[in-house]
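Chain by chain, the residues run as shown.
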There are 2 protein chains.
Amino acid sequence: MDLISKTQRVGTVPDNTEFLGEVTTRVGMVMATIRSRIAARSLSPGAKLPSVRGLAASLKVSTSTVVDAYERLVAEGAILSRPGSGFYVASQVAPFSPADVGPKLDRAVDPFWVSRQSLEAGEETLKPGCGWLPPSWLPEESIRKALRGLSRSNGSVLTDYGSPLGLAGLRQLIARRLSEHAVEVSPDQIMLTDSGTQAIDLICRLLLEPGDTVLVDDPCYFNFHALLRAHRVKIVGVAYGPAGPDVEAFSAVLGEHRPKLYITNSGIHNPTGAILSPVVAHRVLKLAEQFDLTIVEDDIFADFELVAAPRLSAFDGLDRVIQIGSFSKALSASMRCGFIATRREWLDGLTDLKIATSFAGASLNAELVRAVLSDGGYRKHLETLRGRLARAMADVTAGLKAIGIEPLLQPQAGMFLWCRLPGDADAAEIARFALEKGVVLAPGNVFSLSQTAGSAMRFNVSQMSDRRVFEVLAEALKA
Amino acid sequence: MDLISKTQRVGTVPDNTEFLGEVTTRVGMVMATIRSRIAARSLSPGAKLPSVRGLAASLKVSTSTVVDAYERLVAEGAILSRPGSGFYVASQVAPFSPADVGPKLDRAVDPFWVSRQSLEAGEETLKPGCGWLPPSWLPEESIRKALRGLSRSNGSVLTDYGSPLGLAGLRQLIARRLSEHAVEVSPDQIMLTDSGTQAIDLICRLLLEPGDTVLVDDPCYFNFHALLRAHRVKIVGVAYGPAGPDVEAFSAVLGEHRPKLYITNSGIHNPTGAILSPVVAHRVLKLAEQFDLTIVEDDIFADFELVAAPRLSAFDGLDRVIQIGSFSKALSASMRCGFIATRREWLDGLTDLKIATSFAGASLNAELVRAVLSDGGYRKHLETLRGRLARAMADVTAGLKAIGIEPLLQPQAGMFLWCRLPGDADAAEIARFALEKGVVLAPGNVFSLSQTAGSAMRFNVSQMSDRRVFEVLAEALKA
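This one's a predicted model, so the numbers in the text were calculated from it and none came from an experiment.

## Brief notes about the overall build of chain A
Phase 1 of the analysis: When helices and strands are tallied, chain A shows 18 helices and 14 strands.
Phase 2 of the analysis: Counting all 479 residues of chain A, 65% fall into the buried class.
Phase 3 of the analysis: A separation threshold of at least 6 residues defines the contact pool for chain A, and within that pool the share at least 24 residues apart is 74%.
Phase 4 of the analysis: Accessible surface computed for chain A: about 16800 Å², of which carbon and sulfur atoms make up 50%.

## Some details on the nonpolar core
Phase 1 of the analysis: Core analysis: the biggest nonpolar cluster contains 245 residues, and Leu400(A), Phe459(A), Leu170(B), Leu400(B) and Phe459(B) have the highest contact counts within it.
Phase 2 of the analysis: Not counting residues within four places of it along the chain, the set of residues in contact with Leu170(B) comprises Leu192(B), Phe327(B), Cys337(B), Ala366(B), Val369(B), Arg370(B) and Leu373(B).

## Structural notes on helix H10 (residues 222-230) of chain B
All names here are of chain B.
Phase 1 of the analysis: Burial of H10 is extensive: 8 of the 9 residues sit out of reach of the surface.
Phase 2 of the analysis: Those residues of H10 that fall on the buried side of the exposure criterion are Phe222, Asn223, Phe224, His225, Ala226, Leu227, Leu228 and Ala230.
Phase 3 of the analysis: At the exit of H10 stands arginine 232, carrying a positive phi of roughly 60°.

## Some remarks on the interface of chain A and chain B
Phase 1 of the analysis: The partner chain B presents 78 residues to the 79 residues of chain A that form the contact.
Phase 2 of the analysis: Inspection of the chain A/chain B interface yields 4 salt bridges.
Phase 3 of the analysis: The salt bridge partner of Glu209(A) is Arg232(B), with a shortest N-O separation of 2.7 Å.
Phase 4 of the analysis: Seen at the junction of chain A and chain B, the total is 37 residue pairs in polar contact (both at pLDDT 80 or more).
Phase 5 of the analysis: Contributions of two or more residues to the side of chain A that touches chain B are made by helix H5 (111-120), helix H6 (140-150), helix H7 (155-159), helix H9 (196-207), helix H10 (222-230), helix H14 (344-358) and helix H15 (363-374) of chain A.
Phase 6 of the analysis: Ranked by residues supplied to the side of chain A that touches chain B, first place goes to H14(A) with 11 residues.

## Quick look at the relation of the copies chain A and chain B
Phase 1 of the analysis: You can overlay chain A on chain B at an RMSD of 0.1 Å; the transform is a turn of 180° with a shift of 0.1 Å along its axis. Look at the turn and shift together and you get a two-fold axis relating the two.
Phase 2 of the analysis: The overlap is high: 99% of the interface residues of chain A also sit at the interface in chain B, so the same surface is used on both sides.

## So, the sheet that holds strand S3 (residues 190-193) of chain A
Residues and elements named next belong to chain A.
Phase 1 of the analysis: The sheet built from 8 strands is open, its strands ordered S3-S10-S9-S8-S7-S4-S5-S6 with mixed pairing. Strands with a single pairing partner mark the edges of an open sheet, and in this sheet they are S3 and strand S6 (244-245).
Phase 2 of the analysis: Relative to S6, strand S5 (residues 234-241) is paired through 2 bridges, and the arrangement is antiparallel. Following the sheet pairing, glycine 241 is matched in S6 by glycine 244.

## Brief notes about the sheet that holds strand S14 (residues 456-460) of chain B
Hydrogen bonds between backbone groups are what pair the strands of a sheet, and the pairing can be parallel or antiparallel.
All names here are of chain B.
Phase 1 of the analysis: Read from one edge of the open sheet, 4 strands run S11-S12-S14-S13, paired in antiparallel fashion. The strands lining the two open edges of the sheet, one partner per strand, are strand S11 (406-407) and strand S13 (442-443).
Phase 2 of the analysis: Its contacts with the sheet place helix H16 (residues 377-402) against S11, strand S12 (416-420) and S14, and it is angled at close to 15° to S12.

## What to know about the pattern of salt bridges
Phase 1 of the analysis: The final tally for this structure, using the stated rule, is 36 salt bridges over all chains.
Phase 2 of the analysis: Arg177(A) is the partner of Asp303(A) in a salt bridge, and the nearest nitrogen-oxygen pair spans 3.2 Å. Taken together, the residues Asp303(A) in the loop between strand S8 (294-298) and helix H13 (312-316) and Arg177(A) in helix H8 (residues 168-179) connect sequence positions 126 residues apart.
Phase 3 of the analysis: Between Lys437(A) and Glu475(A) there is a salt bridge, and its shortest N-O distance comes to 3.4 Å. Of this pair, Lys437(A) sits in the loop between helix H17 (427-436) and strand S13 (442-443) while Glu475(A) sits in helix H18 (residues 468-478), and the two are 38 residues apart along the sequence.
Phase 4 of the analysis: Classification of Glu475(A) as partly exposed rests on a relative accessible area of 38%.
Phase 5 of the analysis: Several salt bridges converge on common partners, so that one network encompasses Asp201(A), Arg205(A), Asp201(B) and Arg205(B).

## Comments concerning the confidence of the model for chain A
Residues and elements named next belong to chain A.
Phase 1 of the analysis: Confidence in the prediction for chain A averages 87 pLDDT; 90% of positions are at 70 or higher.
Phase 2 of the analysis: A low-confidence stretch, residues 1-18 stays under pLDDT 50, and its non-local contacts, those more than four residues away or across chains, total 46 contacts.
Phase 3 of the analysis: Residue range residues 92-106 is modelled with pLDDT below 50. Its contacts to residues more than four positions away, or to other chains, number 28 contacts.

## Quick word on the pairing of S8(A)
Residue and element names in this part refer to chain A.
Phase 1 of the analysis: Of all 5 residues making up S8, 5 are buried, and the element is well covered by its neighbours.
Phase 2 of the analysis: Residue alternation in S8 divides its side chains into two sets, Thr294, Val296 and Asp298 and Ile295 and Glu297, and both sets are buried.
Phase 3 of the analysis: In this sheet, S8 lies alongside strand S7 (residues 261-265) in parallel orientation, the contact comprising 5 bridges. Residue pairing for S8: isoleucine 263 is matched across the bridge by valine 296.
Phase 4 of the analysis: Of the pairings in the sheet, the one linking S8 to strand S9 (residues 321-326) comprises 4 bridges and is parallel in character. Bridged to valine 296 within S9 is isoleucine 322.

## Topic: the packing of helix H9 (residues 196-207) of chain B against H10(B)
Residues and elements named next belong to chain B.
Phase 1 of the analysis: Axis separation between H9 and H10 bottoms out at 11 Å; the angle between their running directions is 40°. One finds that H9 runs oblique with respect to H10. Considering only the axes of H9 and H10, their crossing is right-handed. For the pair H9 and H10, the contacting residues are Thr197, Ile200, Asp201 and Cys204 in the first and Asn223, Phe224, Leu227 and Leu228 in the second.
Phase 2 of the analysis: Residues belonging to the contact of H9 with H10 are distributed by class as follows: 5 nonpolar, 2 polar and 1 charged.

## A few points about the environment of Gln463(B)
Residue and element names in this part refer to chain B.
Phase 1 of the analysis: If you trace the backbone, glutamine 463 turns up in the loop between S14 and helix H18 (468-478).
Phase 2 of the analysis: By relative accessible area, which is 14% here, glutamine 463 ends up buried.
Phase 3 of the analysis: Along the sequence, glutamine 463 and tryptophan 132 sit 331 residues apart, while their C-alpha atoms lie 8.3 Å from each other.
Phase 4 of the analysis: Not counting residues within four places of it along the chain, the set of residues in contact with glutamine 463 comprises Lys127, Pro128, Cys130, Trp132, Leu133, Pro134 and Val469.
Phase 5 of the analysis: At 2.8 Å, the side chain of glutamine 463 and the backbone oxygen of tryptophan 132 are in polar contact.

## A closer look at the packing of aromatic side chains
Phase 1 of the analysis: In total, this model carries 24 aromatic pairs over all chains according to the counting rule given.
Phase 2 of the analysis: When the centroid spacing of 5.3 Å and the interplanar angle of 80° are considered together, the rings of Tyr221(A) and Phe224(A) count as edge-to-face. For the pair Tyr221(A) and Phe224(A), a shared accessibility class is recorded, and that class is buried.
Phase 3 of the analysis: An aromatic cluster of three or more residues is present, and its members are Tyr221(A), Phe222(A), Phe224(A), Trp418(A) and Phe447(A).
Phase 4 of the analysis: When the ring centre of Phe470(B) is taken as origin, the NZ or CZ atom of Arg467(B), which lies over that ring, is 4.5 Å away.

## Some words on helix H8 (residues 168-179) of chain B
Phase 1 of the analysis: The end-to-end C-alpha distance of H8(B) is 17 Å, a good match for the 16 Å that 12 residues give at a rise of 1.5 Å each.
Phase 2 of the analysis: For H8(B), the full list of buried residues reads Leu170(B), Arg171(B), Leu173(B), Ile174(B), Ala175(B) and Leu178(B).

## Quick notes on the side chain of Asp246(A)
All names here are of chain A.
Phase 1 of the analysis: Topologically, aspartate 246 is positioned in the loop between S6 and helix H11 (247-257).
Phase 2 of the analysis: Buried aspartate 246, no salt bridge; nearest opposite-charge side chain is arginine 283, N-O distance 8.7 Å.
Phase 3 of the analysis: A distance of 3.1 Å separates a polar atom in the side chain of aspartate 246 from the backbone nitrogen of glutamate 248.

The rules behind the values
Residues numbered from 1 in each chain as written. Chains lettered and ligands numbered in written order. Predicted model: local features only at pLDDT ≥ 70, side-chain atom pairs only at ≥ 80, totals over all residues. Heavy atoms only, no water. Helix = DSSP H or I, 4+ residues; strand = E, 2+ residues; numbered from the N terminus. Buried < 20%, exposed > 50% of the residue type's maximum accessible area, 1.4 Å probe, protein only. Contact = heavy atoms within 4.5 Å. Areas by Shrake-Rupley, 256 points an atom, 1.4 Å probe, with all protein chains shown as cover. Core = buried A, V, L, I, M, F, W, Y, C linked by side-chain atoms within 4.5 Å. Salt bridge = Lys/Arg side-chain N within 4 Å of Asp/Glu carboxyl O. Polar contact = N/O pair within 3.5 Å; in protein donor to acceptor, adjacent residues only side chain to side chain. Least-squares fit on C-alpha atoms with pLDDT ≥ 70 in both. Pairing = 2+ DSSP bridges. Axes fitted to C-alpha atoms, helices over the stretch in contact; angles between N-to-C directions. pLDDT = per-residue confidence, 0-100. Parallel < 35°, antiparallel > 145°, perpendicular 65-115°, else oblique. Left-handed = near helix turned anticlockwise from the far one by under 90°. Nonpolar A, V, L, I, M, F, W, Y, C, P; charged D, E, K, R; others polar. Phe/Tyr/Trp six-rings, centres within 6.5 Å; stacked < 30°, edge-to-face > 60°. Lys NZ or Arg CZ within 6 Å of the ring centre and 35° of its normal. Expected span 1.5 Å × (residues − 1). Lys, Arg positive; Asp, Glu negative; His and termini not counted.

In structure tokens:
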């Protein structure tokens, strides 16, 4: 049995250090390979693992490397050793059973870990691992004004369910904003949702069956893993580089796994800060057409861009690309509001699913978002915000370099800086150490399906104005 | 092949007219039986139907009744006739494919129909079929005050994600309210959601696997059907009477189908307005224990009750009963906010699922709901509201009786009146007729899994102050 096909070697365990999730040791690579196949269920619970000799040959590593990797996986509980028989994948844990949720300090590479630590953190906790801006960076005064305005609106705005597609005025504004990124869309092709996450969830509900395969970037936003696990689909990854996904690997993965859906970021990529090049966009779309792949382009960082990057949905005209977005990043995360822009044929099914699973959207929130976006101050707010992010990016880059942490890529814009820890330190261990000191970090492997970003870390530059972050990091690296 | 087992005859096609969904003709009963088995997938797409003679014998009807029913089902497209071979279930339509969504006037017994018609209706449309109150019945002034208060709160309230469980102050208020119904629960056993519907959706995601069986009341809130379809589970029904589910049928259904979950209303039942008796509550819980059944008790009409009905969750102590609720009915539907009260062991899994599929709750909405509930005016609002509903109930009952429409049960409280149309008129046809006149109705079969409520209709008494509703109804009944 050839455990690792050529595609997967190319697609998920790249040797090329140009890619932003990377293998740090041969043992680590073998472990990551096995973990990834278990996660993607190509090795099912109870299945026998390949022989040590066979795997060593197919991976071109020594048998002692494989033995070492298997032993560590046994220690982790991912596989079992049956003396005289071989190694087996541990039994299936039911998805989301309480047993999944161990002591919090042990969940460092669980996709929920960073979310929960960040969301549960008190005021005094520092959160360079979180994915949002501090309140003072957001347009508080415009929001206050919108609330006062709303308090004077008529009763049905205050108390009625929203329409199935959501507030028409906000859908018009969204269509106009999308046209600035060359995405031509009519407001009646847009459905509002309660968040960008709900938008992707509804698309998965419409287009996926349990057991289907979905492609994500490696590394990618960690909640994509969590969401797809909830849909019981098989997840495969493609290495993500400075110009987008590795096109050769992308082609190989489509050929081998025939994923139904590819979920990616447009604009600024999370966690790497990379930007899709027009050439890669073109090739990805050609391959998507060839393999009948639907693409979900998550555009939630659009407002941070200084220069608009190419959108797959603009190239494609919203034919096989669906664009989703939200207002949580640059406006407010407490008034949940997102959207889906897609071909008309899919909207009725999406609307039915929205009604079935959440009945109606939060129309009050849509009114508030519309009011803030219509406010003359919003563009000014974005200009100020982009300048502030650029300055923070420069300061944080310098501060991290001073303690030996190097960016894997210098992003053009946004809040994320994807870095490599010095001496290939274990980011999960650093995160556990930092959490005890009141600092929530985002270790690389929470973003990596193949678990090949063990010494990478994502930093949110807007959450690092307190010098204590750097002190705790330096201390953790020494320990 | 015995198409209809004893259980199902007892459970879903009761002869007993005490039950609130009923068969009006023998042909209708046969059709409903086949439809229900197709819907529940015990007759799969492409499967051969039982022979006419065989079915006639097992149902104790004449062969011509079965022939008539089969021919009508062929005309509907539900089954196919292959001359010389027999009848077959039509091919599967993919769930929620656009093909499901035909011209709107033909969707009269689709669970989405009433929702969409009501949600899409313009100001001029009358909506006795909808499930909510007119804006002027809701606490508009308290909401305005809450919005003004919120406009003065600090930045993190206005812009931050909420905590995973949701606003602690609101969870405390909910715990206090539940204790008034003898449901003893700690605030840390409560998770906020963005709606009652999302609450049930998350529970389904936690506890159900595709292919599991779920029990609902027949009739029940139509969106339960839609939600469960989205979860790809098999749905079975139990006849719902004036004191709760038919206990004998309940026992038989549990024995035969072993459902994992039972979703029902507590307090005022939708659509019938019935109230659970303590004896039935006790027996239902005994059976649930015997068959290891988990129960979701949807308590969204709690604020309408004059006298609190027994809660399954109070009897059970939130062991195998989960209570969910929301504030859409008596406070506002535009600020989406619901909750789940459950045993602690399930909360971590529910929280992970909430993060995976919607990331965080709308904390702004939770703040608004808390402010309105804490306002001294809210109890006064509820008193006024209950009085107004009681008067509307009396007026509407009289108005409907005058045109021959009789309540199947006189509810003690709430907004719904479940009625039988005169001469067993076809409620779906009446609804189609009324829609063309600008009146949205809720025909009985949208609530009925067994499709045995074809001449029943649910009326929302708060939406019937315009005499035109009665005129259109009278006209439709004549036509």
